[in-house]
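Residue strings, one per chain:
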Amino acid sequence: MKLKKYLVALVSLAMLASCDMMKEDEDLTNCGLFVTFKYDYNLQRSDMFGDHVGGVTLYVFDSDGRFVRTYENNNIPSMAMMLDGTYTHAMQIMDLPDGKYRLIALANQKSYEATLATPGAKYRRTQLAQGDENEKLTVTLDRTKKEGATAMVSNVAPLDTLWHGMTGVETVEVRSSDKTIANISMVRDTKMLTIGLHNLDDPADITTEEFDYFIIDKNGKLAYNNSLLADEDLTYTPFYKWDTDNSELNSGVATERTAHACLTFNRLIWHEKSDDNALLIIRNRTTGKEVCAIDLAYFLAQGRNAYDLFAYSRQEYLDRAYDFYMDFFIRNDKWQYAEVRINVLSWAMRIQNVDLE
């Protein structure tokens, strides 16, 4: 019996020594925790992590949900994320004690530090101390608020994209003598909406500066599991507006003009109660008349009809999609019908305004 225990101890020591030798030889392929990231939870159903993500932070919690530490990888020369031209095995961790862990990842287009240094509203993460519960990990979107007014999200620049991912309810078991692979699939929270306005009465008589555009939603705080936390109303406005003209051949006279506005905003949640959904408002600056005030989640979710093969729920479609297009055709400052478009499919769905008198 003593001989058996002695042999087991020798084998364990040999395996640990093997890992130590590989560290010295820089052959790090057999030991430790390997965390792979992918971003294929999109309409393209293709892994676009390498094309879109520039920085990822991994939060490690023990089996009881207590914070252990973070690891970070950024797509910069001194900290290259790519080992073989892809993001496969993007992060290798050698210093975790043996045990069971839960993993949460937050990612941006740049490193978190670089993101905070750019203009515009930021996604602020809570600072965790060792032993903190995972519920303390939250993300809050910057806002400014004047007395008696709705909180505003800065529009001086588009939001830097936020992704979230986690390993789920199952723990990841790490052993120093083994190679453990954990896979994290990311969800993109940051969305973009491009709006086009068309004048049915006089197609050339419209400019984007005639209108104000707002998205109002209570969606500025995210929990550790990417669900929305209770929040105040946030107002998002365009970071960019422009007009496009179609002109008569040779004359240069505009025969049709489209007024455009582009907004970025945080994760869009589908609520059964429409009053809880995000609201899109377009208002004529001169007359004060609302061109539209619509349930944004309801309208954008119509795009799932272009993907009947996959039978997406409304929420899955809103989470997979991130680049939305809507055209409003207006008469006397009131929208008559709208088109929800998916440019990559040359698909559009026309929605009539049933509330017209």
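Residues numbered from 1 in each chain as written. Predicted model: local features only at pLDDT ≥ 70, side-chain atom pairs only at ≥ 80, totals over all residues. Heavy atoms only, no water.

**Thoughts on the overall build of the protein chain**
Working step 1: The helix and strand inventory of the protein chain stands at five helices and 23 strands.
Working step 2: A total of 357 residues make up the protein chain; the buried ones form 45% of that total.
Working step 3: Taking the intrachain contacts of the protein chain between residues at least 6 apart in sequence as the baseline, contacts between residues at least 24 apart amount to 65%.
Working step 4: Surface exposure of the protein chain reaches about 18300 Å², of which carbon and sulfur atoms provide 49%. (Helix = DSSP H or I, 4+ residues; strand = E, 2+ residues; numbered from the N terminus. Buried < 20%, exposed > 50% of the residue type's maximum accessible area, 1.4 Å probe, protein only. Contact = heavy atoms within 4.5 Å. Areas by Shrake-Rupley, 256 points an atom, 1.4 Å probe, with all protein chains shown as cover.)

**Some points on the packing of aromatic side chains**
Working step 1: One pass over the structure, following the stated rule, counts 14 aromatic pairs.
Working step 2: For the pair Phe 329 and Tyr 337, a centre-to-centre distance of 4.5 Å together with 15° between the ring planes defines the contact as stacked.
Working step 3: Classification of Phe 329 as buried rests on a relative accessible area of 13%.
Working step 4: Among the aromatic residues, ring-to-ring pairing joins Tyr 307, Phe 310, Tyr 312, Tyr 317 and Phe 324 into one connected group.
Working step 5: One residue, Lys 179, lies across the ring of Phe 34, its end atom 4.9 Å from the ring centre.
Working step 6: The positively charged end of Arg 350 is found above the aromatic ring belonging to Tyr 337, 3.5 Å away from the centroid. (Phe/Tyr/Trp six-rings, centres within 6.5 Å; stacked < 30°, edge-to-face > 60°. Lys NZ or Arg CZ within 6 Å of the ring centre and 35° of its normal.)

**A few points about the sheet that holds strand β19 (residues 279–284)**
Working step 1: If you trace the five strands from one edge of the open sheet to the other, you get β8-β16-β14-β19-β20, paired in mixed fashion. Edge positions in the sheet fall to β8 (151–152) and β20 (290–295), since each has one partner strand and no second.
Working step 2: Pairing between strand β14 (residues 211–217) and strand β16 (residues 234–236): three bridges, direction antiparallel. Paired with Ile 216 across the strands is Thr 235, a residue of β16. (Pairing = 2+ DSSP bridges.)

**Structural notes on unusual backbone geometry**
Working step 1: With a phi angle near 55°, Arg 45 is a residue other than glycine that sits in the positive phi range.
Working step 2: Although it is not a glycine, Asp 333 adopts a positive phi angle of roughly 60°.
Working step 3: Summarising the element assignment, Asp 333 is placed in the loop between β21 (323–331) and β22 (334–342).
Working step 4: By relative accessible area, which is 18% here, Asp 333 ends up buried.

**Examining the sheet that holds strand β18 (residues 254–265)**
Each strand in a sheet pairs with another by means of backbone hydrogen bonds, the pair being arranged parallel or else antiparallel.
Working step 1: Overall, mixed pairing links the six strands, which are arranged β17-β18-β13-β21-β22-β23 in an open sheet. Every interior strand has two partners, whereas the edge strands, β17 (240–247) and β23 (347–352), have only one. For this sheet, the mean inter-axis angle between neighbouring strands, taken without regard to orientation, is 20°.
Working step 2: Note: strand β13 (residues 191–199) against β21, eight bridges, orientation parallel. Among the inter-strand pairings, Gly 196 is bridged to a residue of β21, identified as Asp 327. (Axes fitted to C-alpha atoms, helices over the stretch in contact; angles between N-to-C directions.)

**Quick look at the pairing of strand β11 (residues 179–185)**
Working step 1: Side chains of β11 alternate between two faces, with Thr 180, Ala 182 and Ile 184 buried and Lys 179, Ile 181, Asn 183 and Ser 185 left unburied.
Working step 2: Summarising the sheet, strand β1 (residues 32–38) and β11 pair through seven bridges and their orientation is parallel. Residue pairing across strands places Val 35 opposite Ala 182, the latter belonging to β11.

**What to know about the environment of Ala 348**
Working step 1: Positionally, Ala 348 belongs in strand β23.
Working step 2: Taking the C-alpha atoms as reference points, Ala 348 and Gly 303, separated by 45 residues in sequence, lie 8.0 Å from one another.
Working step 3: Other than its neighbours up to four places away in sequence, Ala 348 contacts Glu 339, Val 340 and Arg 341.

**Points about the environment of Thr 144**
Working step 1: Of note, Thr 144 is situated in the loop between β7 (139–141) and β8.
Working step 2: For the pair formed by Thr 144 and Leu 234, sequence separation is 90 residues and the distance between their alpha carbons is 9.3 Å.
Working step 3: When near neighbours in sequence (up to four residues on either side) are disregarded, Thr 144 contacts Thr 150, Ala 151 and Met 152.

**Brief notes about the nonpolar core**
Working step 1: Counting residues in each nonpolar core, the largest one holds 58 residues, and the members touching the most others are Leu 193, Leu 296, Met 326 and Phe 328.
Working step 2: Residues Phe 37, Met 48, Met 91 and Ile 93 belong to the second largest nonpolar core, which totals 25 residues. (Core = buried A, V, L, I, M, F, W, Y, C linked by side-chain atoms within 4.5 Å.)

**Regarding the environment of Thr 167**
Working step 1: Of note, Thr 167 is situated in the loop between β9 (163–166) and β10 (172–174).
Working step 2: Along the backbone, Thr 167 and Arg 102 are 65 residues apart, and their C-alpha atoms lie at a distance of 6.4 Å.
Working step 3: Apart from residues lying up to four places away in sequence, Thr 167 is in contact with Arg 102, Leu 103, Val 172, Asn 183 and Ile 184.

**Considering the confidence of the model for the protein chain**
Working step 1: When pLDDT is averaged along the protein chain, the result is 87, and 86% of the positions lie at 70 or above.
Working step 2: Taken together, the stretch residues 1–18 has pLDDT below 50 and engages in three contacts with residues farther than four places along the chain or on a different chain.
Working step 3: Here residues 78–89 is modelled with pLDDT under 50, and outside its nearest four sequence neighbours on either side it reaches 27 contacts, counting other chains as well. (pLDDT = per-residue confidence, 0-100.)

**A look at the side chain of Lys 122**
Working step 1: If you trace the backbone, Lys 122 turns up in the loop between α3 (112–116) and β6 (123–125).
Working step 2: Salt bridges are absent for the buried Lys 122, whose nearest opposite-charge side chain, Asp 160, sits at 6.3 Å.
Working step 3: A polar contact is formed between the side chain of Lys 122 and the backbone oxygen of Thr 115, at a distance of 3.3 Å. (Lys, Arg positive; Asp, Glu negative; His and termini not counted. Salt bridge = Lys/Arg side-chain N within 4 Å of Asp/Glu carboxyl O. Polar contact = N/O pair within 3.5 Å; in protein donor to acceptor, adjacent residues only side chain to side chain.)

**Overview of the pairing of β14**
Working step 1: With five of its seven residues buried, β14 lies for the most part within the structure.
Working step 2: Of the pairings in the sheet, the one linking β14 to β19 comprises six bridges and is antiparallel in character. Residue Ile 215 lies in a different strand from β19, and its bridge partner there is Leu 280.

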